[in-house]
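Reading the structure
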Amino acid sequence: MKVEEQVRQTLEGLGVGDEAGVAGLFDGLRTQIERELAGLASADAGEQFRIRWLGRKQGLLTAANDNWLKPAPPALKRAVGRLLNEVKRQAEQSLEARRRELDAGSETARLAVQRLDVTLPGLRRPIGARHPVQIVIDEVQEIFLSMGYSVEEGPEIESDYYNFEALNMPREHPARDTQATLYVAGDYLLRTHTSPVQIRTMEKMQPPLRVIAPGRVYRRDNPDATHSFMFHQVEGFAVDTNITFCDLKGTLDYFFKRFYGEQVQTRFRPSFFPFTEPSAEVDISCIFCSGAGCRKCKQSGWIELFGAGMIDPALYGFVKYDERKYSGFAFGGGIDRLAMLRYGIEDIQLLFQGDLRFLQQFR
Ligand code: FA5
């Protein structure tokens, strides 16, 4: 090691040399110390330097007391002692100064990193856009709110009772087969439609009622261009003392005209739902060909959109309404379907894939 070597040489020098020779050797030592100090790059390196040269036990300059001073010939002892102290003091002072420099350097570096230039333009976070399904939900709500409806919500994890039983679909009822779903645990399942909100609302509120209930629903359907295992529906229903099928027709006709445009016609076809009687499928005239017949409407001129009907009086038994006093209508349909027709989206899966290139078109 360079310094140890130097010490050995120094000792040899002390044995033979004179005061000038000793001073020369200490100069060399000083030069080396200064060079090492200048090369220090961090606080850690500073500490290593301190231990190496000034450490209480092994420090080279500390050990020099024993190794250099003691064996020095009496004539040179004073000079060696003085020079040794001087070098030590200098080493300590220089180390202190170098440490301050290093501290200042790291402080400058820290400030440089943290520097805040208030004249720079702010960070622009990309502004998100409403999802097309949400746009449609908002618009449907707006139209029905303007007709005096209120909005209700129900749980997506629903009990068998609300999803089926109280909607007049007892266990083993064949209509359940059309709505196979995912069972969570025991009697709980992922709701297959928004119709359970009818029951939940009628349980807690008395007529007159005018309610819509948009939300997410689930079915064990295989995905294709028009089917997803998770999709959205909007339920709507009104119960009062004198509600008729005409009210249902007028309400949906008004809704579709506002949603798709004045030119849109509606038509009701007889159908079946266990919770409405009579029941109907609601079609609108094809918005692409105005009823002339095209690929989109499979040449029929009509597009099926909602299921609807008069609330089956059996339901009033579950919610303790007087069926002789009240009547009501209900309807429900796929929101994704409304959105696909509105925006010309050919594949329902696009709505749920989270692809920004698709979603950014709906600002
Ligand atoms: C029902 O779900 C009834 N609850 C609607 C109803 C409410 C009738 C109130 C009467 C009174 P249906 O199973 O036909 O009906 O579903 C309604 C709509 O949901 C369909 O017209 C369709 O637009 C949409 N839909 C059904 N299954 C899927 C699916 N897998 N993916 C996307 N949309 C679907």
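Residues numbered from 1 in each chain as written. Predicted model: local features only at pLDDT ≥ 70, side-chain atom pairs only at ≥ 80, totals over all residues. Heavy atoms only, no water.

1. Some thoughts on the domain arrangement of the protein
In many analyses, interface size is given as the accessible surface area lost on bringing the parts together. Parsing the protein into structural domains produces domain 1 (3–114) and domain 2 (133–362). Of note, the centres of domain 1 and domain 2, computed from C-alpha atoms alone, are 88 Å apart. (Domains from an automatic or database assignment.)

2. Structural notes on unusual backbone geometry
At the junction of Pro-207 and Pro-208, the peptide bond is cis and its omega measures out at 5° in the coordinates. Here Pro-208 is to be found in the loop between helix 8 (196–204) and strand 5 (209–218). Glu-277 connects to Pro-278 through a cis peptide bond whose omega is -5°. Tracing the chain through its elements places Pro-278 in strand 8 (residues 276–285). (Helix = DSSP H or I, 4+ residues; strand = E, 2+ residues; numbered from the N terminus.)

3. Comments concerning the nonpolar core
Within the largest apolar cluster, 45 residues are counted, with the highest numbers of intra-cluster contacts made by Phe-256, Phe-306 and Leu-338. Elements with a contribution of two residues or more to this core: helix 6 (132–146), strand 6 (230–240), helix 9 (245–260), strand 8, strand 9 (302–311), strand 10 (327–334), helix 11 (335–343) and helix 12 (356–359). Considering every element that reaches this core, the biggest residue donor is helix 6, with 7 residues. What Phe-256 contacts, discounting residues up to four positions off in sequence, is Gly-261, Val-264, Thr-266, Val-282, Ile-284, Leu-305, Phe-306 and Leu-338. The next biggest cluster of nonpolar side chains, apart from the first, holds 23 residues, and it includes Val-22, Leu-40, Leu-61 and Ala-91. (Core = buried A, V, L, I, M, F, W, Y, C linked by side-chain atoms within 4.5 Å. Buried < 20%, exposed > 50% of the residue type's maximum accessible area, 1.4 Å probe, protein only. Contact = heavy atoms within 4.5 Å.)

4. A word on the sheet that holds strand 8
As summarised here, the arrangement of the 7 strands in space is 1-5-6-10-9-8-7, forming an open sheet in which the pairing is mixed. Taken across any chain shown, the strands that pair with only one partner, and hence form the sheet edges, are strand 1 (150–151) and strand 7 (266–273). Across the face of the sheet, helix 6 comes into contact with strand 1, strand 5, strand 6 and strand 10 while running at roughly 170° to strand 5. Contacts from helix 11 reach strand 5, strand 6, strand 9 and strand 10, with the element oriented near 150° to strand 9. (Pairing = 2+ DSSP bridges. Axes fitted to C-alpha atoms, helices over the stretch in contact; angles between N-to-C directions.)

5. What about the site of the ligand?
What surrounds the ligand is a group of 23 residues, the closest being His-193, Ser-195, Arg-219, Asp-221 and Ser-228. In the environment of the ligand, an oxygen atom lies 2.8 Å from a nitrogen or oxygen atom belonging to the side chain of Arg-219. Between Asp-221 and the ligand, the recorded distance is 2.8 Å, taken from a side-chain N or O atom to a nitrogen atom. About the coverage of the ligand: the protein hides 89% of its 680 Å² of free accessible area. Of all the elements in the fold, those that place two or more residues in the shell around the ligand are strand 6, strand 9 and strand 10. Top element by residues in the shell around the ligand is strand 10. It accounts for 4 residues. Looking at the shell around the ligand residue by residue, the classes come out as 8 nonpolar, 12 polar and 3 charged. (Near = heavy atom within 4 Å. Polar contact = N/O pair within 3.5 Å; in protein donor to acceptor, adjacent residues only side chain to side chain. Areas by Shrake-Rupley, 256 points an atom, 1.4 Å probe, with all protein chains shown as cover. Nonpolar A, V, L, I, M, F, W, Y, C, P; charged D, E, K, R; others polar.)

6. With respect to the pairing of strand 9
With respect to burial, strand 9 is a largely interior element, 8 of its 10 residues being buried. Sheet topology note: the strand 8/strand 9 ladder contains 8 bridges and is antiparallel. Its bridge partner lying in strand 9, Ser-285 is registered against Trp-302. Examined bridge by bridge, strand 9 and strand 10 share 5 bridges and lie antiparallel to one another.

7. Considerations on the packing of aromatic side chains
Within a pair of aromatic rings, the relevant descriptors are the distance that separates the centres and the angle that separates the planes. All chains considered together, the criterion is met by 19 aromatic pairs. Plain terms: the ring middles of Tyr-161 and Phe-318 are 6.0 Å apart, the flat faces sit at 75° to each other, and that makes the pair edge-to-face. With a gap of 157 residues between them, Tyr-161 in helix 7 (residues 160–163) and Phe-318 in helix 10 (residues 313–319) connect regions that are remote in the sequence. A relative accessible area of 30% places Tyr-161 in the partly exposed class. Aromatic ring contacts, followed pair by pair, group Phe-144, Tyr-149, Phe-255, Phe-256, Phe-259, Tyr-260, Phe-306, Phe-329 and Phe-331 into a single cluster. Over the aromatic face of Tyr-162 sits the side chain of Arg-200, whose NZ or CZ is 4.0 Å from the ring centroid. (Phe/Tyr/Trp six-rings, centres within 6.5 Å; stacked < 30°, edge-to-face > 60°. Lys NZ or Arg CZ within 6 Å of the ring centre and 35° of its normal.)

8. Description of the pattern of salt bridges
Side chains bearing opposite charge may pair, as long as their charged atoms lie close to each other. The full count for this structure, using the stated rule, is 25 salt bridges. Where Lys-204 meets Glu-152, a salt bridge forms, and the shortest distance between an N and an O atom there is 2.9 Å. One end of the pair, Lys-204, is in helix 8; the other, Glu-152, is in the loop between strand 1 and strand 2 (157–159), and 52 residues separate them in sequence. Given a relative accessible area of 56%, Lys-204 falls into the exposed group. The exposure class assigned to Glu-152 is buried, which follows from its relative accessible area of 14%. (Salt bridge = Lys/Arg side-chain N within 4 Å of Asp/Glu carboxyl O.)

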